[in-house]
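# Notes for the structure review
This is what each chain is made of:
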Amino acid sequence: MTEHIKSDVSVITIDGPSGTGKGTIAHMLAQTLNWHLLDSGALYRLVGVGAEKKGILLSNIKELVLFSLDMDVHFSRLFEGSIELNGEEVSNLIRQESSGELASLVAVIPEIRAALSERQLAFRQLPGLVADGRDMGTVIFPDATQKFFLTASPQERGERRYKQLINKGLNVNLRALLLDIAARDERDSQRAISPLVPAEDALLIDTTELSIDQVFEKVLTTSQQVLSKH
Ligand code: C5P
């Protein structure tokens, strides 16, 4: 369980399943406000990928926890820019579907979630933080200044992800991708610890029929209104 430390630094949380555009929106918001950005999913991906590289079995929780606590991570400030894990550039590797799958397998382990929580809290620095993930508003930053939860139909999320991967030149099958997304949604929302659910005080935005610019407009306007009263 995350022990919550009170802080005066503002946080805006953007949670939701993959394919809702939350990574892009979080990045646009952090850039516009000139705030820090936490891509929490990348941390779970790094644990999954790093453990696999070192040959640590997912059943070896003690080694996994040590790895999560010790890993040396550097994020560039650019969106989908370089990410270094223990001195090695891994940004392309961690963006692969197989790494998302590994991430969701390590993300069900309570000890790993606990091991990563302090690292996530440390991102809360002036002038403010935009945090993107699954449990940012519910578990890591329950006192966030503003919380958003983005959704979209599974079909739409699958198609968006398909286009992204095709644009990267990867060979993917839409049907298989839709099945993978459904399996990952199920695992993320049914797990016992920190499941993917909206915080009670989150503003829900269904992005199925909206463009990225329309979603961003809504997120930015709401955030500015809240921050002006803060
Ligand atoms: O957001 P992204 O697709 O990079 O996340 C990869 C996986 O990491 C998710 O499917 C989820 O299982 C896990 N995750 C999580 N909690 C977060 C962020 C990601 O459990 N805050």
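Residues numbered from 1 in each chain as written. Predicted model: local features only at pLDDT ≥ 70, side-chain atom pairs only at ≥ 80, totals over all residues. Heavy atoms only, no water.

## Some details on the packing of helix α1 (residues 22–33) against helix α10 (residues 212–229)
What counts, and what does not: The angle between two axes is taken between their N-to-C directions and runs from 0 to 180 degrees, where each axis is a line fitted to C-alpha atoms and a helix contributes only its stretch in contact. Here a strand is any run of E in DSSP of at least two residues, a helix any run of H or I of at least four, and the numbering for each starts at the N terminus. For this classification, under 35 degrees means roughly parallel, over 145 means roughly antiparallel, 65 to 115 means roughly perpendicular, and everything else is oblique. Crossing chirality is assigned from the near helix's rotation relative to the far helix, an anticlockwise turn below a right angle marking it left-handed and a clockwise turn marking it right-handed. In what follows, a contact means two residues having at least one pair of non-hydrogen atoms within 4.5 Å. Any residue outside Ala, Val, Leu, Ile, Met, Phe, Trp, Tyr, Cys, Pro, Asp, Glu, Lys and Arg is labelled polar, Gly included; the first ten of those are nonpolar and the last four are charged.
For the pair α1 and α10, interaxial distance at closest approach is 10 Å and the crossing angle is 45°. Here α1 lies oblique to α10, going by the angle between them. For the element pair α1 and α10, the recorded crossing hand is right-handed. Contacts between α1 and α10 involve Thr24, Ile25, Met28, Leu29, Thr32 and Leu33 on the former and, on the latter, Ile212, Asp213, Val215, Phe216, Val219, Leu220, Ser223 and Leu227. Grouping the constituent residues of the contact of α1 with α10 by class yields 10 nonpolar, three polar and one charged.

## Some points on the packing of helix α5 (residues 97–106) against helix α9 (residues 174–190)
Angle between the axes and distance between the axes: these two values describe a pair of packed helices. Two elements in contact, α5 and α9, have axes whose closest approach is 10 Å; the angle formed by their N-to-C orientations is 20°. Classified by the angle their axes make, α5 and α9 are roughly parallel. Between α5 and α9 lies a crossing of left-handed hand. Every residue of α9 that contacts α5 at Glu97, Gly100, Glu101, Ser104 and Leu105 is listed here: Leu177, Arg184, Arg187 and Asp188.

## Digging into the pairing of strand β7 (residues 146–151)
Spelled out, the test is: Only protein chains enter the accessibility calculation, which uses a 1.4 Å probe; a residue whose area is less than 20% of its type maximum is buried, one above 50% is exposed, and one in between is partly exposed. Strands were regarded as paired on the criterion that DSSP finds at least two bridges between them.
Taking burial as the measure, the six residues of β7 include five buried ones, the bulk of the element. In this structure, strand β1 (residues 11–15) lies alongside β7, joined through four bridges in parallel fashion. The residue bridging isoleucine 12 from the neighbouring strand is glutamine 146, located in β7.

## Structural notes on the sheet that holds strand β4 (residues 83–85)
Reading across the sheet, the three strands line up as β3-β4-β5 and stay open at both edges, with antiparallel pairing between neighbours. Because the sheet does not close on itself, it has two edges, and the strands there are β3 (73–75) and β5 (88–89).

## Here's the deal with the site of the ligand
Operational definition: Note on definitions. A residue lies near a molecule or strand when any single heavy atom of the residue is within 4 Å of it. Counted as a polar contact is a pair of N or O atoms within 3.5 Å, where, for protein atoms, one must be capable of donating a hydrogen and the other of accepting one, and residues adjacent in sequence contribute only when both atoms are in side chains. Methods summary: accessible areas were calculated by the Shrake-Rupley approach with a probe of 1.4 Å, and residue burial reflects only the protein chains presented.
In the vicinity of the ligand lie 16 residues, with Arg45, Arg113, Arg134, Arg184 and Asp188 positioned nearest. Interatomic distance of 2.6 Å between a side-chain N/O atom of arginine 45 and an oxygen atom of the ligand. The contact in question runs from an oxygen atom of the ligand to an N or O atom on the side chain of arginine 134, over 2.8 Å. Burial of the ligand by the protein amounts to 96% of the accessible area it has alone, namely 450 Å². Elements supplying a minimum of two residues to the shell around the ligand: α2 (40–54), α5 and α9. The biggest single contributor to the shell around the ligand is α2, with four residues.

## Regarding helix α6 (residues 110–121)
Note: α-helices contain 3.6 residues per turn, so residues at a spacing of three or four share the same orientation. What counts here: How far a helix is expected to stretch is found by multiplying one less than its residue total by 1.5 Å.
With 12 residues, α6 extends 17 Å between its outermost C-alpha atoms, agreeing within 8% with the 16 Å of an ideal straight helix rising 1.5 Å per residue. All buried positions along α6 are accounted for by Ile112, Arg113, Ala115, Leu116, Ser117, Gln120 and Leu121. Among the structural elements, β2 (36–39), α2, α3 (61–70), α5 and α7 (136–140) are those in contact with the buried residues of α6.

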